[in-house]
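# Per-entry structural report
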Amino acid sequence: MGNHTKSPEGSLLSNLKVKTPLSYNYHYFFPHPQAWGRGIGYTHPRSNGFLTSIRTHHSSAGSNQLGYYLAGLIEGDGSIILRKGEKEKISPKIVFTFSVNELKMFEKLQEILKTGSINIEKEGVNRYASGAYVKKIGVCRYSITNADAVINIINLVNGKFRTPKIAALHKAIDNLNK
Amino acid sequence: MRFPLDTSSLDSNAWLAGFIDSDGHFSIKLSGCYSSDDLETRGRVQCVFTASQSELNRVTAESNVPIMTKLAEFFQVNLNYKTEKSPNFKEPAKKVVFYAQSDRKHYIITSYLTKFPLMTSKYLNYLAFFKGLNYLGKRLTSEEILEVQALKNSMNNKRTEYV
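Residues numbered from 1 in each chain as written. Chains lettered and ligands numbered in written order. Predicted model: local features only at pLDDT ≥ 70, side-chain atom pairs only at ≥ 80, totals over all residues.

### A word on the overall build of chain B
The following threshold applies: By the criteria applied, helices consist of DSSP H or I runs no shorter than four residues and strands consist of E runs no shorter than two, each listed in order from the N terminus. What counts as a contact here is a pair of residues whose C-beta atoms, placed from the backbone, lie within 7 Å.
Each helix and strand in chain B was counted, giving five helices and four strands. Considering only contacts in chain B between residues 6 or more positions apart, those separated by 24 or more positions represent 58%.

Quick look at the structure:
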């Protein structure tokens, strides 16, 4: 873990201020690394296990589990941000908010989707309307703003939403089809 | 092309894994008098999986109740309504939440997450939860109680390792 600056993979991580070592490869699609070789029935990633196992389990449904997973993630922690007024022509953007502890997973996601940028917010204090102060630590955002990339992701998740957030997705689609 | 809501069964794809990675929570409860050596009064362990959502979307005022009802049905538990004071907002937040903590129903979550694993560090909390399942439904020895406490101290807020 110590010499990650020398790691050739380190250069793949684009515009991050804080770089974390890639001591393993997330396998796409991509149990948490600790799942590998643990006794809950996962196959080792280097045996090309997970993709194959998804295909065998779900060959009829197509093997696009990435789209389903992303749909769930967007409906939980993600946002689809639409522009209004004059800026309406700019494409919507997709933003995931997460803790710095999940940085690695989102870096991997960024690598897989080949788009977007990750920002780590400065530590600070949020003041809310109620007058309460909440210290914020290690908040990160992964934003995808490139229009083609957003269209690509929307194609991945379209038809896979299950919550009212689908309204935002529909608005984004209408906006992109204008 | 606008597609409607997905109504396929929840265990047919990875949507729920993404959702749990966002909004699910795993914990282990140790209740009762577990420091005692007296076997009769000794406490017990519960493994709990929780998921909660605000009742209404803050912006569009659309209800999250239908999907949460579906999820609660999937886990064979009841959906609860809760009002929570939050420092973030003036108004107390209305939430819908369910707790899956019945020893006999954990197979639902474990069989789903074996098919569609979690991707964030919540996976590690799930592993701790999964180990905790070994201690259910029996009187624990003092050693086992220490083991469960160690497990509890390694998960969620107290977690120090994330990879």
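Still more to cover.
### Focus: helix α2 (residues 65-74) of chain B
Residues and elements named next belong to chain B. Keep this limit in mind: Field definition: a residue is buried when 20 or more other C-beta atoms are found within 10 Å of its C-beta, exposed when 12 or fewer are, and partly exposed for counts in between, with C-beta atoms placed from the backbone. The directions from the helix axis to the C-beta atoms form the arc being described.
All buried positions along α2 are accounted for by I67, M68, L71 and A72. Within α2, the buried residues cover an arc of 140° as seen down the axis, which keeps them to one side. Turning to α2, the residues buried within the fold contact β2 (44-54) and β4 (93-100). Once α2 ends, the next one or two residues include Q76, with phi positive near 55°.

### Things to note about the sheet that holds strand β2 (residues 93-99) of chain A
Residues and elements named next belong to chain A. Where we set the bar: For two strands to be treated as a pair, DSSP must find no fewer than two bridges joining them. Orientation is described by lines fitted to C-alpha atoms, with helices fitted over the stretch in contact, and by angles between N-to-C directions that extend from 0 to 180 degrees.
Taken together, the four strands give an open sheet; going across it, the order is β1-β2-β6-β3, and neighbouring strands pair in antiparallel fashion. The open sheet has two free edges, formed respectively by β1 (78-81) and β3 (117-120), since each of these has just one partner strand. The sheet shows a mean angle of 25° between the axes of neighbouring strands, direction not considered. As paired elements, β1 and β2 share four bridges and run antiparallel to each other. Residue pairing for β2: G78 is matched across the bridge by F96. The strands touched by helix α2 (residues 65-77) are β1 and β2; relative to β2, the strand with the most contacts, the crossing angle is about 75°.

### Some thoughts on the pairing of strand β6 (residues 139-144) of chain A
Residues and elements named next belong to chain A. Here β6 shows one buried face, formed by C140, Y142 and I144, and one open face, formed by V139, R141 and S143. Pairing geometry for β2 and β6, over six bridges, is antiparallel. Pairing of F96 across the sheet is with Y142, part of β6.

### Remarks on unusual backbone geometry
Backbone geometry at K114(A) places phi at a positive 55°, although glycine is not the residue there. By the C-beta count within 10 Å, which is 9 here, K114(A) ends up exposed. Even without being glycine, Q76(B) reaches a positive phi, approximately 55°. Tracing the chain through its elements places Q76(B) in the loop between α2 and β3 (80-84).

### Here's the deal with the packing of α2(A) against helix α4 (residues 147-157) of chain A
All names here are of chain A. Note the following rule: Angular relationships are summarised with four words: roughly parallel below 35 degrees, roughly antiparallel beyond 145, roughly perpendicular across 65 to 115, and oblique for the angles in between.
The contact between α2 and α4 brings their axes to 8 Å, and the two run at 100°. Relative to α4, the element α2 is oriented roughly perpendicular. The residues of α4 that touch α2, namely those facing L66, G67, L70, A71 and I74, are I153, L156 and V157.

### Brief notes about the sheet that holds β4(B)
Strand pairing within a sheet occurs via backbone hydrogen bonds; the two strands may be parallel or antiparallel. All names here are of chain B. Strand order in the open sheet formed by four strands is β1-β2-β4-β3, with antiparallel pairing between adjacent strands. Each having just a single partner strand, β1 (24-31) and β3 make up the two edges of the open sheet. The sheet shows a mean angle of 35° between the axes of neighbouring strands, direction not considered. Pairing geometry for β3 and β4, over five bridges, is antiparallel. Looking at β4, one finds that Y81 is bridged to V96. Packed on one face of the sheet, helix α1 (residues 15-23) meets β1 and β2 and runs near 95° to β2.

### Description of α4(A)
Residues and elements named next belong to chain A. Residues V150, I153 and V157 constitute the buried set of α4. Along α4, the residues classed as buried sweep out an arc of 65° about the axis, all on the same side. With respect to the buried face of α4, the exposed residues turned more than 90 degrees away are D148 and N155. In the stretch just after α4, G159 is the one whose phi turns positive, near 85°.

### Some words on the confidence of the model for chain B
Selection criterion: One number per residue, pLDDT, summarises how confident the predictor is, and it ranges from 0 to 100.
Here chain B averages 82 in pLDDT, and 87% of its residues register 70 or above. Per the prediction output, this complex has pTM 0.74; the corresponding ipTM is 0.84.

### Section: the packing of α2(A) against α1(B)
Stated formally: For any helix crossing, the convention is left-handed if the near helix is rotated counterclockwise from the far helix by under a right angle, and right-handed if that rotation is clockwise. Note that Gly is not counted as nonpolar here; it falls among the polar residues with everything else outside the nonpolar set of Ala, Val, Leu, Ile, Met, Phe, Trp, Tyr, Cys and Pro and the charged set of Asp, Glu, Lys and Arg.
Packing of α2(A) against α1(B) brings their axes to within 6 Å, and their N-to-C directions diverge by 30°. One way to sum up the angle between α2(A) and α1(B) is to call them roughly parallel. Classified by chirality, the crossing of α1(B) by α2(A) is right-handed. Counted together, Y68(A), Y69(A), L70(A), A71(A), G72(A), L73(A), E75(A), G76(A) and D77(A) of α2(A) and W15(B), L16(B), A17(B), G18(B), F19(B), D21(B), S22(B) and D23(B) of α1(B) form the full contact between these two elements. Counted by class, the contact of α2(A) with α1(B) contains nine nonpolar, four polar and four charged residues.

### Regarding the environment of D11(B)
Residue and element names in this part refer to chain B. With respect to the helices, strands and loops of the structure, D11 is situated in the segment before α1. A residue is classified by how many C-beta atoms lie within 10 Å of it, and D11, with 13 of them, is partly exposed. Once the C-alpha coordinates of D11 and H25 are considered, the two residues, 14 residues apart in sequence, prove to be 18 Å apart.

### What about the confidence of the model for chain A?
Residues and elements named next belong to chain A. Taken residue by residue, chain A gives an average pLDDT of 66. The fraction at 70 or more is 57%. Taken element by element, the predicted model of chain A shows its lowest mean pLDDT in helix α1 (residues 49-58) (36) and its highest in β6 (90). A low-confidence stretch, residues 1-29 stays under pLDDT 50, and its non-local contacts, those more than four residues away or across chains, total 31 contacts.

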